[in-house]
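Chain and residue survey
Here are the chains, one letter per residue:
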Number of protein chains: 2
Amino acid sequence: MGDLTGQVADPAPGREREPKQDRSRATRLRVLEAAVACLAEHGWSGSTVAVVCARAGVSRGAAQHHFPTREELFTAAIAHVADQWLTAVRERALALPREGPDRTYAVVDMLVAVHTGPLFRAALHLWTATTAEERLRPGVTALEARIGREAHRLAVDFLGADESRPGVRETVQATLDMARGLGLANLLSDDSARRARIVRQWAAMLEQALHG
Amino acid sequence: MGDLTGQVADPAPGREREPKQDRSRATRLRVLEAAVACLAEHGWSGSTVAVVCARAGVSRGAAQHHFPTREELFTAAIAHVADQWLTAVRERALALPREGPDRTYAVVDMLVAVHTGPLFRAALHLWTATTAEERLRPGVTALEARIGREAHRLAVDFLGADESRPGVRETVQATLDMARGLGLANLLSDDSARRARIVRQWAAMLEQALHG
């Protein structure tokens, strides 16, 4: 979980006029990060609020102050990490090749890489748990729709895709669906060699479809 | 679960010289079908052996005679339904258009349809549970690899894909990965309208890549 737990945003050291708010904010972040790490490692049934609190090193009362229910805690945790991810991807995208087949390859590679990490794994546990837990459904369905929309918008932007051309919108969507499928294929075993060949081939087809 | 529970293969009525074996075989099938149905509906944590036995209408002793552990029961259940599915797909494929873009579209549509049904949903619960349950890992990893290999072989065959041409193997694999991703996208909400457009676009690109 290094790449997630390493992202805990400690409160800025200079903000001494709001020490209580800073502490509260730091606690909230610790709980969120711990929740995602638990979910990725132990799945939904192994991720109770008690387990998350122990991992975060906070009291149950402190956690419940921020998140009254287990459902709110985990939905907020995925939302938080997804937002962090969207920010990180936007930053990383600045360093990609500016155009041409190299850019298309780099974008596909980046989109696929995200779906093989701990965020995808944690989200997958939450999505599958939701099919059997009605209380999770409203929050998680809305969250999934929002992440899907934002990922699509990013992909269109990064690929320089002109969605007014027939088939382009669906081709971009298919790229994200393929990335999700590659994430699933990586769940139980290291699929990286096969995945690298598929990314290369799909990037070539995508470049042709979008800019050929 | 209609399309799965409807597939229970009752013992052939003519085989009266082995009534005990028939009964035993029928019990085994009832338990397997109930296990998949439970998994698809309630997820791993809600699918205890007791819940499956109640649904199948068999005693716990009778179930344990066939499947000594919970892990063996669910791995066998997914294997059983996957085999049924492979047989059904081979039969259905006989009725597809023989060649050309219509065939490519029909094959992609069939492969994607399989990933949006209760078998995919049950398998997804088992795969995600496996990431957190070490005892499931050996059986489920081997099963996933076997299903993946057979699905790939079927897809190559149905699409008339020539894997000696560069990129063709990866393009077929990408099709199955996309199908898996579309299955995930359908987990929490009805994604059929979006999916139909993606299948059409993917089939057109695939036809071009394989036979263009």
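Everything numeric in this text was worked out from a predicted model, so none of it was measured. (Residues numbered from 1 in each chain as written. Chains lettered and ligands numbered in written order. Predicted model: local features only at pLDDT ≥ 70, side-chain atom pairs only at ≥ 80, totals over all residues. Heavy atoms only, no water.)

Some points on the overall build of chain A
Helix and strand content of chain A: ten helices and zero strands. If you list the helices and strands of chain A from N to C, you get α-α-α-α-α-α-α-α-α-α. Over its C-alpha atoms, taken along the principal directions, chain A stretches across nearly 60 × 45 × 30 Å. Burial statistics for chain A: of 212 residues in total, 53% are counted as buried. For chain A, the accessible area works out to roughly 9,700 Å², and carbon and sulfur atoms hold 51% of it. The distance from the centre of the 27 positive side-chain charges to the centre of the 26 negative ones in chain A is 3 Å. (Helix = DSSP H or I, 4+ residues; strand = E, 2+ residues; numbered from the N terminus. Buried < 20%, exposed > 50% of the residue type's maximum accessible area, 1.4 Å probe, protein only. Areas by Shrake-Rupley, 256 points an atom, 1.4 Å probe, with all protein chains shown as cover. Lys, Arg positive; Asp, Glu negative; His and termini not counted. Charge placed at Lys NZ, Arg CZ, Asp CG, Glu CD.)

Here's the deal with the UniProt feature "domain: HTH tetR-type" (unreviewed entry) in chain A
If you check UniProt for "domain: HTH tetR-type" (unreviewed entry), the listed places come out as residues 25–85 of chain A in our numbering. Within the segment residues 25–85 of chain A, helix and strand shares are 80% and 0% respectively, and the terminal C-alpha atoms sit 19 Å apart. (UniProt positions renumbered as here; feature names shortened; annotations may be inferred.)

Notes on the interface of chain B and chain A
Taken residue by residue, the interface counts 39 residues in chain B and 39 residues in chain A. Interface of chain B and chain A: buried area, both sides summed, is about 3,400 Å²; carbon and sulfur atoms make up 67% of it. Contact with chain A buries surface across chain B, with Leu184(B), Leu188(B) and Met205(B) losing the most and accounting together for 20% of the total. At the junction of chain B with chain A, the criterion picks out four salt bridges. A salt bridge links Arg194(B) to Asp177(A), with the nearest nitrogen and oxygen atoms 3.0 Å apart. Only helix H2 (19–42), helix H7 (118–132), helix H8 (137–159), helix H9 (168–185) and helix H10 (192–211) of chain B provide two or more residues apiece to the side of chain B that touches chain A. When residues in the side of chain B that touches chain A are grouped by element, the largest group, eleven residues, is from H9(B). (Contact = heavy atoms within 4.5 Å. Buried area = accessible area lost by both parts, 1.4 Å probe. Salt bridge = Lys/Arg side-chain N within 4 Å of Asp/Glu carboxyl O.)

Considering the packing of aromatic side chains
Scanning the entire structure with this criterion turns up three aromatic pairs over all chains. Aromatic pair Trp44(A) and Phe74(A): ring centres 5.2 Å apart, planes at 70°, arrangement edge-to-face. Highlighted residues: Trp44(A) in the loop between helix H2 (19–42) and helix H3 (49–56) and Phe74(A) in helix H5 (residues 70–93), separated in sequence by 30 residues. Of the two residues examined, Trp44(A) and Phe74(A), each falls in the buried class. Plain terms: the ring middles of Trp202(A) and Trp202(B) are 4.5 Å apart, the flat faces sit at 15° to each other, and that makes the pair stacked. (Phe/Tyr/Trp six-rings, centres within 6.5 Å; stacked < 30°, edge-to-face > 60°.)

So, the UniProt feature "DNA-binding region" (unreviewed entry) in chain A
Here the UniProt-annotated "DNA-binding region" (unreviewed entry) positions come out as residues 48–67 of chain A. Here residues 48–67 of chain A is 75% helix and 0% strand, with 13 Å between the C-alpha atoms at its ends.

Quick notes on H7(B)
With 15 residues, H7(B) ought to run about 21 Å at 1.5 Å a step, and its terminal C-alpha atoms sit 22 Å apart, in line with that. With 13 of 15 residues buried, H7(B) is to be regarded as a mostly interior element. (Expected span 1.5 Å × (residues − 1).)

Description of the nonpolar core
Of all hydrophobic cores here, the largest spans 143 residues; its most connected members are Ile78(A), Leu126(A), Trp127(A), Ile78(B), Leu126(B) and Trp127(B). Ranked by residues supplied to this core, first place goes to H5(A) with twelve residues. Sequence-distant contacts of Leu126(A), defined by excluding residues within four places in its chain, comprise Leu39(A), Trp44(A), Phe74(A), Thr75(A), Ile78(A), Leu136(A) and Val140(A). (Core = buried A, V, L, I, M, F, W, Y, C linked by side-chain atoms within 4.5 Å.)

Here we look at H2(B)
In a regular helix each residue adds 1.5 Å, so 24 residues correspond to 34 Å; H2(B) covers 34 Å between its end C-alpha atoms and thus fits that length. Just beyond H2(B), the residue with positive phi is Gly43(B), at close to 75°.

Describing the relation of the copies chain B and chain A
Each copy superposes on the other: chain B lies on chain A with an RMSD of 0.0 Å after a rotation of 180° and an axial shift of 0.0 Å. Taken together, the rotation angle and the small translation identify this as a two-fold axis. (Least-squares fit on C-alpha atoms with pLDDT ≥ 70 in both.)

Regarding the packing of H5(A) against helix H8 (residues 137–159) of chain A
Residues and elements named next belong to chain A. Close contact between H5 and H8 brings their axes to 10 Å; oriented N to C, the two are set at 5°. Judged on the interaxial angle alone, H8 and H5 are roughly parallel. Residues Thr75, Ile78, Ala79, Ala82, Asp83, Leu86, Val89, Arg90 and Ala93 of H5 pack against Gly139, Val140, Leu143, Arg146, Ile147, Glu150, Leu154 and Phe158 of H8. (Axes fitted to C-alpha atoms, helices over the stretch in contact; angles between N-to-C directions. Parallel < 35°, antiparallel > 145°, perpendicular 65-115°, else oblique.)

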